[in-house]
Amino acid sequence: MNNKSNKPQIHLNELISKLRSEDEKSIKSTNRFKIFYFVFGAVYALVFIFHFVFDEDNSWTDSLSGFFYVLAWITFALLFRKANKEYRQIDYSLPTILMLRKAAQRYKLFQPKLTIAIGAVLLINIASSLNKVEIPMTHEAISDIIQFQIIFVIAITASFIIGVLVWRKRQKPIRDNALALIDELEN
Amino acid sequence: MKNKEQQFNELVSDHGTKIMRICSYYNSDPDEQKDMYQEILINIWNSLHSFRGDAAISTWIYRIAVNTSLSFTGKSFRKMKLIVNTDTSNIHNLLDEDDTENKVRLERKLNQLQTELNQLSVIDKSLITLLLEGLTMREIADIIGITEPNVKVKIHRIKEQLKTKLKPDGHE
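Residues numbered from 1 in each chain as written. Chains lettered and ligands numbered in written order. Predicted model: local features only at pLDDT ≥ 70, side-chain atom pairs only at ≥ 80, totals over all residues. Heavy atoms only, no water.

Re the overall build of chain B
Secondary structure summary: chain B contains 8 helices and 0 strands in total. Each helix and strand of chain B, ordered N terminal to C terminal, gives the series α-α-α-α-α-α-α-α. Within chain B, the fraction of its 172 residues that count as buried is 52%. Look at the contacts in chain B between residues 6 or more apart in sequence, and 66% of them connect residues 24 or more apart. Accessible surface, chain B as shown: approximately 8,400 Å² in total, 47% of it carbon and sulfur. (Helix = DSSP H or I, 4+ residues; strand = E, 2+ residues; numbered from the N terminus. Buried < 20%, exposed > 50% of the residue type's maximum accessible area, 1.4 Å probe, protein only. Contact = heavy atoms within 4.5 Å. Areas by Shrake-Rupley, 256 points an atom, 1.4 Å probe, with all protein chains shown as cover.)

Shown next as structure tokens:
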């Protein structure tokens, strides 16, 4: 078999135009997400400030709740942006072992990003619970909060289990493969 | 200053043959070669921003090709075969065969070598590919990201393993 005679026929111009359009699509989609998250965050923050300053019926619990919602929203927006950037910028020109280490890190289940996401989820929990607080507290309000917490814990646990199952099916094999290759390279 | 498209076109025209050769090491099927070649080109396009000229362009291209082949093997690992040909100019690097005129013996060994090479791990296959490309240990170390002595040890180990297996009574 001659290597050179097996030259694959690739239409380079066609490929370049596809790649260019992918680049443009990717930039547009990143910008759309950025605009969506930050405009929405800004609008929510303005509404919160407006209520805080002008709404006389607004209690401190409502203000704090609004503040936590805004904080959670911004945290999710930043996390999403970081993750999006990370997955899009996989650099194949790195030395192999470095690329593999980055892949293993990227597909790890427990990473700093998860801790921050849990923090944001907790902020939503606190914000939603504060919304239900009445001063002085009534039995009905306490019961509402407990009910909300039960539903919240069930929902979060279910989401976590689904997330782990998806990770085990999709990301874990890639991570295991990367770790095995790293191990082989280092030994 | 060159734009991305010009840079890409230049790279493909200068190094396209090299990339195709790497693809042909990994696939005997022309369609799979084409898929892998295209994937390497896509990864070159996506990595162009990271080329700053601090590595030789050929090292940079080989890195992308090897890294793509590793991802590619992830998809169809079991199907992957390392293909070596009698016209592979650097085959003596692998067989330590100084007598290049001894084609008949080389041909005979080739079939057996082909079988043995396909028993190697994906990393060993990558190292062999680079060796068959005529790269120095230093260059292979730069591409893979391990030390030069480590590359030497690994290649020595592969060669020893192949030598043992290629001896007439070498098979277990």
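A few points about the overall build of chain A
Scanning chain A from terminus to terminus reveals 5 helices and 0 strands. Along chain A, from the amino end to the carboxyl end, the secondary structure elements read α-α-α-α-α. Scored against the burial criterion, the 187 residues of chain A give a buried share of 30%. The long-range fraction of contacts in chain A, counting pairs at least 24 apart against all pairs at least 6 apart in sequence, stands at 72%. Accessible area of chain A: about 12,500 Å², with a carbon and sulfur share of 65%.

Section: the environment of Phe152(A)
All names here are of chain A. With respect to the element layout, phenylalanine 152 can be found in helix H5 (residues 139-186). Each C-alpha atom, one on phenylalanine 152 and one on valine 121, is 9.9 Å from the other, the two residues being 31 residues apart in sequence. Phenylalanine 152 has contacts with Val121, Ile124 and Asn125, leaving out every residue within four places of it along the chain.

Topic: the packing of aromatic side chains
Residue and element names in this part refer to chain A. Taken as a whole and judged by the stated rule, the model has 4 aromatic pairs over all chains. When the centroid spacing of 6.4 Å and the interplanar angle of 35° are considered together, the rings of phenylalanine 110 and phenylalanine 160 count as tilted. With phenylalanine 110 in the loop between helix H3 (96-106) and helix H4 (112-132) and phenylalanine 160 in helix H5, this pair connects stretches of sequence that are 50 residues apart. Consider the rings of phenylalanine 148 and phenylalanine 152, whose centres lie 5.5 Å apart with planes at 45°: the pair is tilted. Residue phenylalanine 148 and its partner phenylalanine 152 are located together in helix H5, separated by 4 residues, close to a single helical turn. Assessed through its relative accessible area of 14%, phenylalanine 152 is described here as buried. (Phe/Tyr/Trp six-rings, centres within 6.5 Å; stacked < 30°, edge-to-face > 60°.)

Let's talk about a nonpolar patch on the surface
A surface patch of nonpolar side chains, amounting to about 680 Å² of accessible area, comprises Leu46(A), Ile49(A), Phe50(A), Phe52(A), Val53(A) and Phe54(A). Within the secondary structure layout, Leu46(A) lies in helix H1 (residues 12-54). (Patch = residues over 30% accessible without salt bridge, like charges linked within 9 Å, V, L, I, M, F, W, Y side chains within 5 Å. Salt bridge = Lys/Arg side-chain N within 4 Å of Asp/Glu carboxyl O.)

Here's the deal with the pattern of salt bridges
Residue and element names in this part refer to chain B. One pass over the full model with this rule turns up 8 salt bridges over all chains. Across the pair arginine 21 and glutamate 133 runs a salt bridge whose closest N-O atoms are separated by 2.6 Å. Linking arginine 21 in helix H1 (residues 4-26) with glutamate 133 in the loop between helix H6 (122-132) and helix H7 (137-144), this pair joins segments that are 112 residues apart in sequence. On the basis of relative accessibility, which here comes to 24%, the residue arginine 21 falls in the partly exposed class. Judged by its relative accessible area of 9%, glutamate 133 is buried.

Some points on the confidence of the model for chain B
All names here are of chain B. Residue-level pLDDT values for chain B average 78, and 75% of them are 70 or greater. Per-element confidence in chain B is highest for H7, whose mean pLDDT is 93, and lowest for helix H4 (residues 91-95), whose mean pLDDT is 64. For residues 76-80, every residue scores under 50 in pLDDT, and the model assigns this stretch 8 contacts once sequence neighbours within four places are set aside. (pLDDT = per-residue confidence, 0-100.)

Some thoughts on the confidence of the model for chain A
All names here are of chain A. Considering every residue of chain A, the mean pLDDT works out to 81; 86% of them sit at 70 or more. Predicted confidence in chain A is weakest over H1, with a mean pLDDT of 73, and strongest over H5, with 90. Scored below 50 in pLDDT, residues 1-7 shows 13 contacts in the model against residues more than four places distant or in partner chains.

Focus: the packing of H1(B) against H6(B)
Residue and element names in this part refer to chain B. Axis separation between H1 and H6 bottoms out at 11 Å; the angle between their running directions is 135°. The pairing of H1 with H6 is recorded here as oblique in orientation. Crossing handedness for the pair H1 and H6: right-handed. In this structure, H1 uses Ile22, Tyr25 and Tyr26 to contact H6, whose residues at the interface are Lys125, Ser126, Thr129 and Leu132. Its residues assigned to classes, the contact of H1 with H6 comprises 4 nonpolar, 2 polar and 1 charged. (Axes fitted to C-alpha atoms, helices over the stretch in contact; angles between N-to-C directions. Parallel < 35°, antiparallel > 145°, perpendicular 65-115°, else oblique. Left-handed = near helix turned anticlockwise from the far one by under 90°. Nonpolar A, V, L, I, M, F, W, Y, C, P; charged D, E, K, R; others polar.)

Regarding the nonpolar core
Within the largest apolar cluster, 56 residues are counted, with the highest numbers of intra-cluster contacts made by Ile19(B), Ile40(B), Ile44(B), Leu130(B), Ile140(B) and Ile144(B). No other element matches the 9 residues that H1(B) contributes to this core. Counting only domains with at least three residues in this core, you end up with domain 1 (1-81) and domain 2 (83-172) of chain B. Once you skip the residues sitting within four places of it in the chain, Leu130(B) turns out to touch Tyr62(B), Val66(B), Leu135(B), Ile140(B), Ile143(B) and Ile144(B). Within the second largest apolar cluster, 5 residues are counted, among which are Phe68(A), Ala72(A), Leu123(A) and Leu130(A). (Core = buried A, V, L, I, M, F, W, Y, C linked by side-chain atoms within 4.5 Å. Domains from an automatic or database assignment.)

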